[in-house]
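Residue-level structure breakdown
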Amino acid sequence: MKQIICFLLLIFNTSVFSQTDKLGQFWNEYVFTKDLSQKWSIEVDAGLNSSSTPQDKNMFHNVTQVYFRGWAHYYMVERWKVSVFYAYYFNKNVPELNQKNASESRTAVQATYNLVKLPKIKINLRGRFEDRHIENDDNYIEAVQRFRFQVKAVYPINENTFYVFASDELFFKTKSKVCGPDFFDRNRVSLGLGFAVSDNIQIEAAYANEIMPRDGNDKLVNAFQLKGIFNNFFSTIIKSYKRKKNEVDISEGRI
């Protein structure tokens, strides 16, 4: 832990002497899940992000990213979940990419572990390895690998209705022309409120702060995120099955 704190302080001190672009963003995501058995579930996500620019402070000024993502989740035991996904991103004017347009295909493997399962507060650890293939300005596909590590805490305010959550996530990446030479990609801190409309519908609203240290021109993002979660959405297509929620689910806010 000491090493991580020292590393972040070094990044902060370096950023003080750099120019910083401050951006406001809106992240909008829809999540559709389907339980297949007590061990398996699938998920489809779709999202749209918009951003301000240094010249225009309106967070809806530019649509920067539209994406679609398909997941498979395997629940090994009560406190462990392993996931894989494939995603396609339509990137346009994404602040951290060194170009205007960059279509991207992405695959990832992810492991989630329930660290703390007290009667109220739940804490998950999540590690994700991403293999990104991004088209650069020369119409060449660059491969970029990225590792993400997140700590997330969920605290139910009342049973099965309202909950608050907070997370911190570190990103590290390989160097490339389209993503830049920096090894440390960003730090993302989030704080939000979730509401279970029904057994199968949840809404989350969150604030996220991202610090992206860059050589000579850092990025600071303040983002508002709205997420809709629709559980067992595909019940009319696939035979209905409802998993019993375990600790790793509850610690992600899937109450």
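The present account deals with the structure reproduced in this document.

The rules behind each value
Residues numbered from 1 in each chain as written. Predicted model: local features only at pLDDT ≥ 70, side-chain atom pairs only at ≥ 80, totals over all residues. Heavy atoms only, no water. Helix = DSSP H or I, 4+ residues; strand = E, 2+ residues; numbered from the N terminus. Buried < 20%, exposed > 50% of the residue type's maximum accessible area, 1.4 Å probe, protein only. Contact = heavy atoms within 4.5 Å. Areas by Shrake-Rupley, 256 points an atom, 1.4 Å probe, with all protein chains shown as cover. Pairing = 2+ DSSP bridges. Axes fitted to C-alpha atoms, helices over the stretch in contact; angles between N-to-C directions. Phe/Tyr/Trp six-rings, centres within 6.5 Å; stacked < 30°, edge-to-face > 60°. Lys NZ or Arg CZ within 6 Å of the ring centre and 35° of its normal. Salt bridge = Lys/Arg side-chain N within 4 Å of Asp/Glu carboxyl O. Core = buried A, V, L, I, M, F, W, Y, C linked by side-chain atoms within 4.5 Å.

The next thing to look at is the overall build of the protein. Secondary structure assignment for the protein yields two helices and 11 strands. Of all 255 residues assigned to the protein, the portion counted as buried reaches 47%. Pairs at least 24 apart in sequence give 55% of the contacts found in the protein among residues at least 6 apart. Put simply, the protein shows about 13300 Å² of open surface, and 64% of that area lies on carbon and sulfur atoms.

Positionally, Asn222 belongs in strand E11 (residues 217–230). What makes Asn222 partly exposed here is its relative accessible area of 30%. Along the primary structure Asn222 and Leu23 are separated by 199 residues, whereas in three dimensions their C-alpha atoms are 6.3 Å apart. Sequence-distant contacts of Asn222, defined by excluding residues within four places in its chain, comprise Leu23, Gly24, Gln25, Tyr207, Ala208 and Asn209.

Reading around the barrel, the 11 strands line up as E1-E2-E3-E4-E5-E6-E7-E8-E9-E10-E11 and close back on themselves, with mixed pairing between neighbours. Put simply, the sheet's adjacent strands are angled 20° from each other on average, direction ignored. The sheet contact formed by strand E5 (residues 101–117) and strand E6 (residues 122–135) spans 13 bridges and is antiparallel. Following the sheet pairing, Ala111 is matched in E6 by Gly127.

On to the packing of aromatic side chains. For any two aromatic rings, the description comes down to two numbers: the centre-to-centre distance and the angle of the planes. Counted under the stated rule, the structure contains 12 aromatic pairs. Residues Trp80 and Tyr113 carry aromatic rings whose centres are separated by 4.8 Å and whose planes lie at 35° to one another, so their mutual orientation is tilted. Of this pair, Trp80 sits in strand E4 (residues 80–92) while Tyr113 sits in strand E5, placing them 33 residues apart in sequence. Through successive ring pairs, a cluster of aromatic residues spans Phe26, Phe60 and Phe224. Taking NZ or CZ as reference, Arg106 lies 4.1 Å from the ring centre of Tyr89, over its face.

Within the structure shown, the criterion is met by 19 salt bridges. The partner of Lys122 in a salt bridge is Glu247, and the shortest N-O contact between them spans 3.4 Å. Linking Lys122 in strand E6 with Glu247 in helix H2 (residues 247–250), this pair joins segments that are 125 residues apart in sequence. Each member of the pair, Lys122 together with Glu247, is buried.

Another aspect to go through is the nonpolar core. Ranked by size, the top nonpolar core spans seven residues in total: Val94, Leu97, Ala102, Ile134, Val144, Val178 and Cys179. Not counting the four nearest positions on each side in its chain, Val144 is found in contact with Glu130, Asp131, Arg132, Ile134, Thr174, Ser176, Val178 and Cys179.

That's the geometry; what it means functionally is another story.
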